[in-house]
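These are the residues of each chain, in order.
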Amino acid sequence: VIWEAQPLTTLATCFECVLDDVIAEQCIKGFIDSARIAAYFGQPETVNTVVRLLCSYFQPDLSTRSQLVLYAIVKATTLYGSCFKEVWVSVIDFVFRLHALGLLPDSMDQFDDFVDTEGKPLRSTCESMRQIRPVVADAAPRKKEEQGS
């Protein structure tokens, strides 16, 4: 019954058109409540739609609206991430935009999980591969040397 009234369309139109930040905050609360209701009733498509809409509203200007959207995206991702399907693309794009603005905390921006038992960073696989000589390259010169002798 709730979805027949199309609350997401109403909230989106209101959020886009209103100039008052207090009303914009109420719209954001409406988006979060919609995601909560959809998750409760097992409608992951609606949760995905809410998060996709919120991600599309984030702008890199750090205005009050962008901060409200940032809060809503983080809250929805934290609470309803298990309902996500194709919306992860929008969330990852959102995280990339935060990274570009330098807004990610160090814990999300640095990889400290690739360490050995003593806490030292592990060598990259690429570095290890450079030190291994290819078997094919070693075998070819030996055959030429054997033929010349």
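If you're wondering where the values come from, they're calculated on a predicted model, not measured in any experiment.

Rules behind the numbers
Residues numbered from 1 in each chain as written. Predicted model: local features only at pLDDT ≥ 70, side-chain atom pairs only at ≥ 80, totals over all residues. Heavy atoms only, no water. Axes fitted to C-alpha atoms, helices over the stretch in contact; angles between N-to-C directions. Helix = DSSP H or I, 4+ residues; strand = E, 2+ residues; numbered from the N terminus. Parallel < 35°, antiparallel > 145°, perpendicular 65-115°, else oblique. Left-handed = near helix turned anticlockwise from the far one by under 90°. Contact = heavy atoms within 4.5 Å. Nonpolar A, V, L, I, M, F, W, Y, C, P; charged D, E, K, R; others polar. Core = buried A, V, L, I, M, F, W, Y, C linked by side-chain atoms within 4.5 Å. Buried < 20%, exposed > 50% of the residue type's maximum accessible area, 1.4 Å probe, protein only. pLDDT = per-residue confidence, 0-100.

Asks: Looking at this structure, how should I read the packing of helix 2 (residues 21-40) against helix 4 (residues 64-80)?
Replies: Think of two packed helices as two axes; the pair is described by the angle between the axes and how far apart they sit. Where helix 2 meets helix 4, the closest approach of the two axes is 10 Å, and the angle between their N-to-C directions is 15°. Relative to helix 4, the element helix 2 lies roughly parallel. Both helix 2 and helix 4 take part in a crossing whose hand is right-handed. Only Thr64, Arg65, Leu68, Val69, Tyr71, Ala72, Lys75 and Tyr80 of helix 4 make contact with helix 2, whose side of the interface consists of Asp21, Ala24, Glu25, Ile28, Ile32, Ala35, Arg36 and Ala39. In terms of residue class, the contact of helix 2 with helix 4 is built from ten nonpolar, one polar and five charged.

Asks: Honestly, the nonpolar core in this entry has me stumped. Any pointers?
Replies: Most often, soluble globular proteins have nonpolar side chains that are buried together. Formed by 32 residues in total, the largest nonpolar core has its most connected members in Phe15, Ile28, Phe31, Val51, Leu54 and Val69. Elements with a minimum of two residues in this core: helix 1 (7-17), helix 2, helix 3 (44-57), helix 4 and helix 5 (88-101). Examining the composition of this core, we find that seven residues originate from one element, helix 2, more than from any other. Ignoring any residue separated from it by four or fewer positions in sequence, one finds leucine 54 in contact with Ile28, Phe31, Val69, Ala72 and Ile73.

Asks: Can you help me understand the confidence of the model for the chain in this one?
Replies: Low pLDDT marks regions whose predicted coordinates should not be analysed in detail. Per-residue pLDDT for the chain has a mean of 80; in total, 74% of the residues score no lower than 70. Within the chain, helix 2 carries the highest mean pLDDT (95), whereas helix 8 (residues 135-148) carries the lowest (50). Note on residues 134-140: pLDDT under 50 across the span, and one contact to partners over four residues away in sequence or across chains.

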